[in-house]
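Here is what each chain is made of, one letter per residue.
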Amino acid sequence: MVILIDLVLVVVFCAIGRLSHAEGILGDLPGTLNTVWPFVVALLVAHGALLLRRAHAERMLPGLVVWAVTAAGGLLLRAASGQGTAVPFIIVAALTLVLFLLGWRAVVALVRRSRTGSGR
């Protein structure tokens, strides 16, 4: 389930980026896949590493690993495939991915903490 949430959020990140540059999503499926694949591959690598370590991927520290590997790996794969990696894009990608990939984990942690604190 955790990997599906992360996968959806990475695809949403890429879709928002394409839309912000007036690029199509479904109308330009090859372009969309070209945008998405580096980040999806990096995300799968991150989750694979966590699976090998038997880490709880929904927790914050493993989420930090997911974010770091997805952002850095995705940007490196973009660069290696000749796609743009201008400094402003790197900053926006890193910040958006940290918000998406750690944000939902923070909400889960707060809910868990509030349930534990209320004696449930």
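Here the structure is shown first, and the text comes after it.
What counts, and where the lines are drawn
Residues numbered from 1 in each chain as written. Predicted model: local features only at pLDDT ≥ 70, side-chain atom pairs only at ≥ 80, totals over all residues. Heavy atoms only, no water. Helix = DSSP H or I, 4+ residues; strand = E, 2+ residues; numbered from the N terminus. Buried < 20%, exposed > 50% of the residue type's maximum accessible area, 1.4 Å probe, protein only. Contact = heavy atoms within 4.5 Å. Polar contact = N/O pair within 3.5 Å; in protein donor to acceptor, adjacent residues only side chain to side chain. Core = buried A, V, L, I, M, F, W, Y, C linked by side-chain atoms within 4.5 Å. Salt bridge = Lys/Arg side-chain N within 4 Å of Asp/Glu carboxyl O.

1. Focus: the overall build of the protein chain
Link 1 in the chain: Along the protein chain, the regular secondary structure elements total 4 helices and 0 strands.
Link 2 in the chain: Listing every helix and strand of the protein chain by position from the N terminus yields α-α-α-α.
Link 3 in the chain: Oriented by its inertia axes, the alpha-carbon framework of the protein chain measures out at about 50 × 30 × 25 Å.
Link 4 in the chain: Taking all 120 residues of the protein chain together, the buried fraction comes to 32%.
Link 5 in the chain: Partitioning the contacts of the protein chain with sequence separation of at least 6, the portion at a separation of at least 24 is 72%.

2. Quick word on the side chain of aspartate 6
Link 1 in the chain: Inspection of the secondary structure puts aspartate 6 in helix H1 (residues 2-20).
Link 2 in the chain: Classification of aspartate 6 as buried rests on a relative accessible area of 0%.
Link 3 in the chain: A polar contact is formed between the side chain of aspartate 6 and the side chain of histidine 47, at a distance of 2.7 Å.
Link 4 in the chain: If we skip the residues at most four places from it in the chain, aspartate 6 touches Leu43, His47, Val66, Leu101, Trp104 and Arg105.

3. Considerations on the nonpolar core
Link 1 in the chain: In this structure, Val10, Phe13, Cys14, Phe39, Val66, Leu97 and Leu101 are the most contacted members of the largest nonpolar core, which totals 20 residues.
Link 2 in the chain: Where this core is concerned, the elements lending two or more residues are H1, helix H2 (29-53), helix H3 (60-80) and helix H4 (87-117).
Link 3 in the chain: Sorting elements by how many residues they give to this core places H2 first, with 6 residues.
Link 4 in the chain: Dropping the residues within four chain positions of it, leucine 97 is found in contact with Val10, Phe13, Phe39, Trp67, Thr70, Ala71 and Leu102.

4. Digging into unusual backbone geometry
Link 1 in the chain: The backbone of arginine 54 sits at a positive phi, close to 55°, despite the residue not being glycine.
Link 2 in the chain: Looking at where arginine 54 falls in the secondary structure, it is placed in the loop between H2 and H3.

5. Re the side chain of glutamate 58
Link 1 in the chain: Position of glutamate 58 among the secondary structure elements: in the loop between H2 and H3.
Link 2 in the chain: For glutamate 58, a relative accessible area of 17% translates into the label buried.
Link 3 in the chain: Aside from chain neighbours lying at most four places away, what touches glutamate 58 is Val2, Trp104, Arg105 and Arg112.

6. Quick word on the pattern of salt bridges
Link 1 in the chain: As enumerated under the stated definition, the model contains 2 salt bridges in all.
Link 2 in the chain: Of the charged contacts, one joins aspartate 6 and arginine 105 as a salt bridge, the two residues approaching to 2.6 Å between their closest N and O atoms. Residue aspartate 6 is found in helix H1, and its partner arginine 105 is found in helix H4; the two are separated by 99 residues along the sequence. Each member of the pair aspartate 6 and arginine 105 is classed as buried.
Link 3 in the chain: Across the salt bridge formed by glutamate 58 and arginine 112, the nearest N and O atoms sit 3.7 Å from each other.

From the geometry alone we can't say anything about function, so treat these as descriptive.
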